[in-house]
Amino acid sequence: LDRARGEEGWDILQARFESAEIFEAQVTGHNRGGILVNVEGVNAFIPLSQIDSVRRDDPDASNALAELVGKSIRLKVIELNRKRNRVILSERAAMAEWRKDQKDRLIDELKEGEIRDGKVSSITDFGVFVDLGGADGLAHMTELTWERGKKARDLYNIGDEVQAYVLKVDREARKISLSLKRAQPERWDSIV
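Residues numbered from 1 in each chain as written. Predicted model: local features only at pLDDT ≥ 70, side-chain atom pairs only at ≥ 80, totals over all residues. Heavy atoms only, no water.

Some details on the sheet that holds strand β9 (residues 161-170)
Next up, step 1: Taken in spatial order, the five strands of this closed barrel run β6-β7-β8-β10-β9, and their pairing is mixed. Along the sheet, successive strands turn relative to each other by an average axial angle of 50 degrees, direction set aside.
Next up, step 2: Looking at chain direction, strand β7 (residues 127-131) and strand β8 (residues 136-140) are connected through five bridges and run antiparallel. Following the sheet pairing, V130 is matched in β8 by G137. (Pairing = 2+ DSSP bridges. Helix = DSSP H or I, 4+ residues; strand = E, 2+ residues; numbered from the N terminus. Axes fitted to C-alpha atoms, helices over the stretch in contact; angles between N-to-C directions.)

Following this line, the structure appears as C-alpha coordinates:
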(Lines give C-alpha, C1' and ligand atoms only; values in the text may rest on other atoms or scores of the structure.)
Protein backbone atom coordinates (compact mmCIF):
# COMPACT_ATOMS: atom_id res chain seq x y z
CA LEU A 1 0.00 0.00 0.00
CA ASP A 2 2.86 2.38 0.88
CA ARG A 3 4.65 1.59 -2.40
CA ALA A 4 1.44 2.18 -4.38
CA ARG A 5 0.92 5.50 -2.56
CA GLY A 6 4.58 6.38 -3.29
CA GLU A 7 4.14 5.62 -7.02
CA GLU A 8 1.07 7.85 -7.12
CA GLY A 9 3.06 10.53 -5.24
CA TRP A 10 5.86 10.46 -7.85
CA ASP A 11 3.29 10.90 -10.64
CA ILE A 12 1.74 13.89 -8.81
CA LEU A 13 5.19 15.44 -8.25
CA GLN A 14 6.10 14.90 -11.92
CA ALA A 15 2.91 16.70 -12.98
CA ARG A 16 3.63 19.57 -10.57
CA PHE A 17 7.21 19.80 -11.86
CA GLU A 18 6.08 19.99 -15.50
CA SER A 19 3.33 22.55 -14.80
CA ALA A 20 5.49 24.59 -12.34
CA GLU A 21 2.54 24.46 -9.93
CA ILE A 22 2.79 26.00 -6.45
CA PHE A 23 1.44 23.78 -3.66
CA GLU A 24 1.48 23.58 0.12
CA ALA A 25 3.12 20.86 2.20
CA GLN A 26 3.80 20.33 5.88
CA VAL A 27 7.38 20.33 7.20
CA THR A 28 8.14 16.95 8.80
CA GLY A 29 11.73 17.44 9.93
CA HIS A 30 14.96 19.38 9.58
CA ASN A 31 18.74 18.96 9.51
CA ARG A 32 21.55 21.50 9.33
CA GLY A 33 21.27 21.61 5.52
CA GLY A 34 17.55 22.35 5.23
CA ILE A 35 14.08 20.96 5.91
CA LEU A 36 12.19 17.81 4.97
CA VAL A 37 8.61 17.42 3.78
CA ASN A 38 6.50 14.47 2.77
CA VAL A 39 4.54 15.13 -0.41
CA GLU A 40 1.95 12.48 -1.31
CA GLY A 41 4.05 9.77 0.38
CA VAL A 42 7.38 10.87 -1.18
CA ASN A 43 10.09 12.38 1.03
CA ALA A 44 11.45 15.64 -0.38
CA PHE A 45 14.17 18.05 0.67
CA ILE A 46 14.32 21.86 0.71
CA PRO A 47 17.94 23.10 1.00
CA LEU A 48 18.63 26.10 3.24
CA SER A 49 19.39 28.20 0.14
CA GLN A 50 15.82 27.61 -1.09
CA ILE A 51 14.06 28.52 2.17
CA ASP A 52 12.53 31.99 2.01
CA SER A 53 11.76 32.48 5.71
CA VAL A 54 15.26 31.61 7.07
CA ARG A 55 18.44 33.49 6.11
CA ARG A 56 21.55 31.39 5.38
CA ASP A 57 23.81 33.74 7.32
CA ASP A 58 21.56 33.68 10.41
CA PRO A 59 23.58 32.32 13.38
CA ASP A 60 20.31 30.97 14.82
CA ALA A 61 19.32 29.19 11.57
CA SER A 62 19.01 25.70 13.14
CA ASN A 63 16.45 26.96 15.69
CA ALA A 64 14.55 28.77 12.92
CA LEU A 65 14.48 25.50 10.92
CA ALA A 66 13.24 23.60 13.98
CA GLU A 67 10.39 26.11 14.40
CA LEU A 68 9.19 25.34 10.86
CA VAL A 69 8.50 21.67 11.73
CA GLY A 70 4.74 21.09 11.68
CA LYS A 71 3.98 24.24 9.67
CA SER A 72 2.65 24.33 6.11
CA ILE A 73 4.69 26.25 3.54
CA ARG A 74 4.28 27.09 -0.16
CA LEU A 75 6.58 25.07 -2.41
CA LYS A 76 7.55 24.43 -6.00
CA VAL A 77 9.40 21.39 -7.45
CA ILE A 78 12.78 22.48 -8.88
CA GLU A 79 14.49 19.09 -9.31
CA LEU A 80 13.07 15.60 -9.71
CA ASN A 81 15.13 12.42 -10.22
CA ARG A 82 13.11 9.26 -9.70
CA LYS A 83 16.04 6.87 -10.32
CA ARG A 84 18.07 8.46 -7.53
CA ASN A 85 14.94 8.86 -5.35
CA ARG A 86 15.61 12.60 -5.15
CA VAL A 87 13.12 15.48 -4.96
CA ILE A 88 14.31 19.04 -4.36
CA LEU A 89 11.72 21.70 -3.59
CA SER A 90 11.97 25.48 -3.27
CA GLU A 91 10.03 27.80 -1.00
CA ARG A 92 11.95 30.78 -2.42
CA ALA A 93 10.78 30.14 -6.03
CA ALA A 94 7.19 29.59 -4.90
CA MET A 95 7.16 32.76 -2.81
CA ALA A 96 8.72 34.84 -5.62
CA GLU A 97 5.96 33.74 -7.99
CA TRP A 98 3.27 34.23 -5.32
CA ARG A 99 4.57 37.76 -4.58
CA LYS A 100 4.54 38.59 -8.32
CA ASP A 101 0.88 37.48 -8.56
CA GLN A 102 0.02 39.50 -5.43
CA LYS A 103 1.80 42.57 -6.83
CA ASP A 104 -0.04 42.29 -10.16
CA ARG A 105 -3.37 42.01 -8.33
CA LEU A 106 -2.57 44.93 -6.00
CA ILE A 107 -1.33 47.24 -8.77
CA ASP A 108 -4.54 46.58 -10.73
CA GLU A 109 -6.79 47.42 -7.76
CA LEU A 110 -4.87 50.38 -6.24
CA LYS A 111 -6.27 53.85 -6.86
CA GLU A 112 -4.36 57.09 -6.54
CA GLY A 113 -5.50 59.15 -3.54
CA GLU A 114 -6.56 56.25 -1.32
CA ILE A 115 -5.04 55.49 2.07
CA ARG A 116 -3.85 51.90 2.71
CA ASP A 117 -2.49 50.10 5.76
CA GLY A 118 1.00 48.68 5.33
CA LYS A 119 4.14 47.54 7.06
CA VAL A 120 7.62 49.05 6.71
CA SER A 121 9.66 46.41 4.84
CA SER A 122 12.98 48.25 4.40
CA ILE A 123 14.59 51.61 5.08
CA THR A 124 17.09 53.27 2.72
CA ASP A 125 18.85 56.64 2.50
CA PHE A 126 16.30 57.84 -0.07
CA GLY A 127 13.10 56.67 1.63
CA VAL A 128 11.04 53.88 3.12
CA PHE A 129 9.58 50.83 1.37
CA VAL A 130 6.12 49.83 2.62
CA ASP A 131 4.54 46.41 2.01
CA LEU A 132 0.89 46.99 1.14
CA GLY A 133 0.03 43.29 1.24
CA GLY A 134 1.93 41.67 -1.61
CA ALA A 135 3.66 44.65 -3.19
CA ASP A 136 6.10 47.24 -1.91
CA GLY A 137 5.67 50.93 -2.55
CA LEU A 138 8.26 53.65 -1.97
CA ALA A 139 7.67 56.65 0.24
CA HIS A 140 10.44 59.09 -0.74
CA MET A 141 12.32 61.05 1.96
CA THR A 142 10.30 64.18 1.12
CA GLU A 143 7.05 62.28 1.77
CA LEU A 144 7.85 60.84 5.23
CA THR A 145 7.02 63.67 7.62
CA TRP A 146 5.84 67.27 7.73
CA GLU A 147 8.88 68.10 9.90
CA ARG A 148 12.17 69.08 8.30
CA GLY A 149 15.59 67.47 8.69
CA LYS A 150 14.40 64.06 9.93
CA LYS A 151 16.08 60.87 8.71
CA ALA A 152 14.04 57.79 7.78
CA ARG A 153 15.86 55.63 10.35
CA ASP A 154 14.94 58.07 13.12
CA LEU A 155 11.26 57.95 12.21
CA TYR A 156 10.59 54.30 11.35
CA ASN A 157 11.73 50.76 12.11
CA ILE A 158 11.33 47.68 9.93
CA GLY A 159 8.00 46.03 10.78
CA ASP A 160 6.24 49.26 11.85
CA GLU A 161 2.54 49.39 10.93
CA VAL A 162 1.85 52.57 8.95
CA GLN A 163 -0.85 54.24 6.90
CA ALA A 164 0.22 55.21 3.40
CA TYR A 165 -1.37 57.61 0.94
CA VAL A 166 -1.12 56.34 -2.65
CA LEU A 167 0.48 59.15 -4.68
CA LYS A 168 0.96 57.40 -8.01
CA VAL A 169 0.59 53.93 -9.52
CA ASP A 170 2.79 53.39 -12.58
CA ARG A 171 1.22 50.30 -14.15
CA GLU A 172 3.79 50.17 -16.96
CA ALA A 173 6.86 50.19 -14.70
CA ARG A 174 4.99 48.25 -11.93
CA LYS A 175 5.91 50.90 -9.33
CA ILE A 176 3.92 52.43 -6.49
CA SER A 177 4.72 55.88 -5.06
CA LEU A 178 3.51 56.53 -1.52
CA SER A 179 3.35 59.35 1.00
CA LEU A 180 3.36 58.66 4.72
CA LYS A 181 2.97 62.32 5.69
CA ARG A 182 -0.19 62.86 3.59
CA ALA A 183 -1.89 59.95 5.36
CA GLN A 184 -1.80 62.06 8.56
CA PRO A 185 -3.44 65.44 8.97
CA GLU A 186 -1.15 68.38 8.34
CA ARG A 187 -0.33 70.41 11.46
CA TRP A 188 -1.51 73.63 9.76
CA ASP A 189 -5.03 72.20 9.44
CA SER A 190 -5.31 71.80 13.21
CA ILE A 191 -3.68 75.19 13.88
CA VAL A 192 -6.15 77.00 11.59
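Focus: the environment of L178
Next up, step 1: With respect to the helices and strands, the residue L178 is situated in strand β10 (residues 175-179).
Next up, step 2: Assessed through its relative accessible area of 1%, L178 is described here as buried.
Next up, step 3: Taking the C-alpha atoms as reference points, L178 and Q102, 76 residues apart in sequence, are found 18 Å from one another.
Next up, step 4: Ignoring sequence-local partners within four residues, the contact set of L178 consists of V130, L132, G137, L138, A139, H140, E143, A164, Y165, V166 and L167. (Buried < 20%, exposed > 50% of the residue type's maximum accessible area, 1.4 Å probe, protein only. Contact = heavy atoms within 4.5 Å.)

A closer look at the nonpolar core
Next up, step 1: Counting residues in each nonpolar core, the largest one holds 23 residues, and the members touching the most others are V37 and L89.
Next up, step 2: The biggest single contributor to this core is strand β4 (residues 72-81), with four residues.
Next up, step 3: Non-local contacts of V37, meaning those with residues more than four positions away in its chain, are made with A25, Q26, V27, T28, V42, N43, A44, I46, L75 and L89.
Next up, step 4: Counting 20 residues, the second-largest nonpolar core is a separate cluster that includes I107, L110, V128 and V130. (Core = buried A, V, L, I, M, F, W, Y, C linked by side-chain atoms within 4.5 Å.)

Quick word on unusual backbone geometry
Next up, step 1: Its identity is not glycine, yet E40 carries a phi of approximately 55 degrees, on the positive side.
Next up, step 2: Within the fold, E40 resides in the loop between β2 (34-39) and β3 (42-47).

Remarks on helix α2 (residues 61-68)
Next up, step 1: Within α2, the full set of buried residues consists of A61, L65 and L68. For α2, the angular spread of the buried residues around the axis is 55 degrees, confining them to a single face.
Next up, step 2: At its buried positions, α2 is contacted by β1 (23-31) and β2.
Next up, step 3: Just downstream of α2, G70 is the residue with a positive phi angle, here 95 degrees. (Arc of directions from axis to C-beta.)

In short, geometric facts, not functional conclusions.
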